[in-house]
Amino acid sequence: MEIDIKGHSGCKIDIIESNENLYVKKSTTDKKYLNRLALQGEKQQTDPALCGCILTPEVFELKHTEEECYILMEYIYAKNFIDYFESASPKDIDRFINVFIDYINSELALCETKEIDKKIFIDKFNSIVKNCENNELTKNNNRVKAILDECKENFINKLPDIIKVPIGNCHGDLTFSNILFAFSVVFSEISSIVVPLRFAIS
């Protein structure tokens, strides 16, 4: 079996085999990332079931010192979102969407609302524009340019100075690429300080 490891957020990822079982070891010696990884592990230990069938990978060991931090967690045998959506029935996809919406609503219900400076959104948008301009696939794509121009005109240029945003316990890279689908259960790795879902580590 060949395992392709991607999306490790600046950490080192190792696949470990022990007693015929596979485990994921996520580690770092970067002092700027030690606390973030430790908080990720703590969150996965204390809140493995986020919303019904949305779970986080089980953590078997968490070590955090001034020099290093690592999490040893379960390896999930699952499909990524591309393989899942290619083979899933409309009923399966509809079920996933409903579960996903329930999860987001449950998080929003627990959120505190905080005021965020619009500069954060502007800087993020400008970063995306720059990435698109430097990418060989998108820099000359008129459709991408039109979408960015529309976003700037209808969203960025109309932002109020202070924006109220719900800040929840679970956040990070809540994207399809961080979600794995296994046995009708949704897995997602906790990203940096907190989470998305549990279809597993991608």
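Please read these numbers as outputs of a predicted model, since none were measured by experiment.

## Let's talk about the overall build of the protein chain
Then, number 1: Across its full length, the protein chain holds five helices and 11 strands.
Then, number 2: Each of the 202 residues in the protein chain was classed as buried or not, and the buried ones make up 35%.
Then, number 3: At a minimum sequence separation of 6, the contacts of the protein chain that also span at least 24 residues come to 60%.
Then, number 4: Accessible surface computed for the protein chain: about 12900 Å², of which carbon and sulfur atoms make up 51%.

## Some words on helix α1 (residues 34-46)
Then, number 1: Taking 1.5 Å per residue as the helical rise, α1 with its 13 residues ought to reach 18 Å, and the 19 Å between its terminal C-alpha atoms agrees with that figure.
Then, number 2: Buried residues of α1: L34, L37, A38, Q40, G41, K43 and Q44, and no others.
Then, number 3: Residues of α1 that are buried in the fold lie against β2 (21-28), β5 (59-64) and β6 (69-74).

## Notes on the sheet that holds β2
Then, number 1: If you walk across this open sheet you meet the four strands as β1-β2-β6-β5, and the pairing is antiparallel. Looking at strand neighbours, the two that pair on one side only are β1 (12-18) and β5, the edges of this open sheet. Within the sheet, the average angular offset between the axes of one strand and its neighbour, ignoring direction, is 15°.
Then, number 2: Direction of pairing for β2 relative to β6: antiparallel, over a ladder of six bridges. Within β6, the position partnered with V24 by the bridge is M73.
Then, number 3: Against the sheet, α1 touches β2, β5 and β6, its axis set at about 150° to β5.

## What about the confidence of the model for the protein chain?
Then, number 1: Summing up the model confidence of the protein chain, the mean pLDDT is 79 and the portion of residues at 70 or higher is 78%.
Then, number 2: Here strand β3 (residues 49-51) stands out as the element of the protein chain with the lowest mean pLDDT, 57, in contrast to helix α5 (residues 142-154), whose mean of 94 is the highest.
Then, number 3: Contacts of residues 190-202 to residues separated by more than four positions or lying in other chains number 89 contacts, the stretch itself having pLDDT below 50.

## Side note on the state of the cysteines
As used in these notes, a disulfide is a covalent bond between sulfur atoms, one from each of two cysteines.
Then, number 1: One pass over the structure, following the stated rule, counts zero disulfides.
Then, number 2: Looking at C151, it has no disulfide partner, and the nearest cysteine sulfur is the one in C132, 10.0 Å off.
Then, number 3: In this structure C151 comes out as partly exposed when scored by relative accessible area, which is 33%.

## With respect to the packing of aromatic side chains
Each aromatic ring pair is summarised here by two numbers: the centre-to-centre distance and the angle between the ring planes.
Then, number 1: Per the stated rule, a full pass over the model turns up eight aromatic pairs.
Then, number 2: Considering the side-chain rings of F96 and F100, the 5.5 Å spacing of their centres and the 35° angle between planes classify their relative orientation as tilted. Placement of the pair is F96 and F100 together in helix α3 (residues 90-110), with a separation of four residues, close to one helical turn. Comparing F96 with F100 shows no difference in burial state: the two are buried.
Then, number 3: Summarising the aromatic geometry, the rings of F96 and F181 are spaced 5.1 Å apart at their centres and angled 65° between planes, so their arrangement reads as edge-to-face. A residue pair is termed long-range when its members are at least 10 positions apart, and F96 in helix α3 and F181 in strand β10 (residues 179-182) qualify at 85 residues.
Then, number 4: Since its relative accessible area comes to 6%, F181 is described here as buried.
Then, number 5: Above the plane of the ring of Y70 lies K25, whose end atom (NZ or CZ) is 4.5 Å from the centre.

## Side note on the pairing of β5
Then, number 1: The pairing of β5 with β6 spans five bridges and is antiparallel. Along β6, the bridge assignment pairs K63 with Y70.
Then, number 2: A loop of four residues connects β5 with β6, the two strands running antiparallel in sequence.

## Side note on the pattern of salt bridges
Then, number 1: If you walk through the whole model with that rule in mind, you get seven salt bridges.
Then, number 2: In this structure, K12 and D14 form a salt bridge, with 3.9 Å as the shortest nitrogen-oxygen distance.
Then, number 3: Looking at K12, the relative accessible area reads 51%, which means it is exposed.
Then, number 4: Here E136 ties to K139 by a salt bridge, and the two come within 3.0 Å at their closest N and O atoms.
Then, number 5: Residue class for E136 comes out exposed when judged on its relative accessible area of 60%.

Definitions and cut-offs
Residues numbered from 1 in each chain as written. Predicted model: local features only at pLDDT ≥ 70, side-chain atom pairs only at ≥ 80, totals over all residues. Heavy atoms only, no water. Helix = DSSP H or I, 4+ residues; strand = E, 2+ residues; numbered from the N terminus. Buried < 20%, exposed > 50% of the residue type's maximum accessible area, 1.4 Å probe, protein only. Contact = heavy atoms within 4.5 Å. Areas by Shrake-Rupley, 256 points an atom, 1.4 Å probe, with all protein chains shown as cover. Expected span 1.5 Å × (residues − 1). Pairing = 2+ DSSP bridges. Axes fitted to C-alpha atoms, helices over the stretch in contact; angles between N-to-C directions. pLDDT = per-residue confidence, 0-100. Disulfide = S-S within 2.5 Å. Phe/Tyr/Trp six-rings, centres within 6.5 Å; stacked < 30°, edge-to-face > 60°. Lys NZ or Arg CZ within 6 Å of the ring centre and 35° of its normal. Salt bridge = Lys/Arg side-chain N within 4 Å of Asp/Glu carboxyl O.

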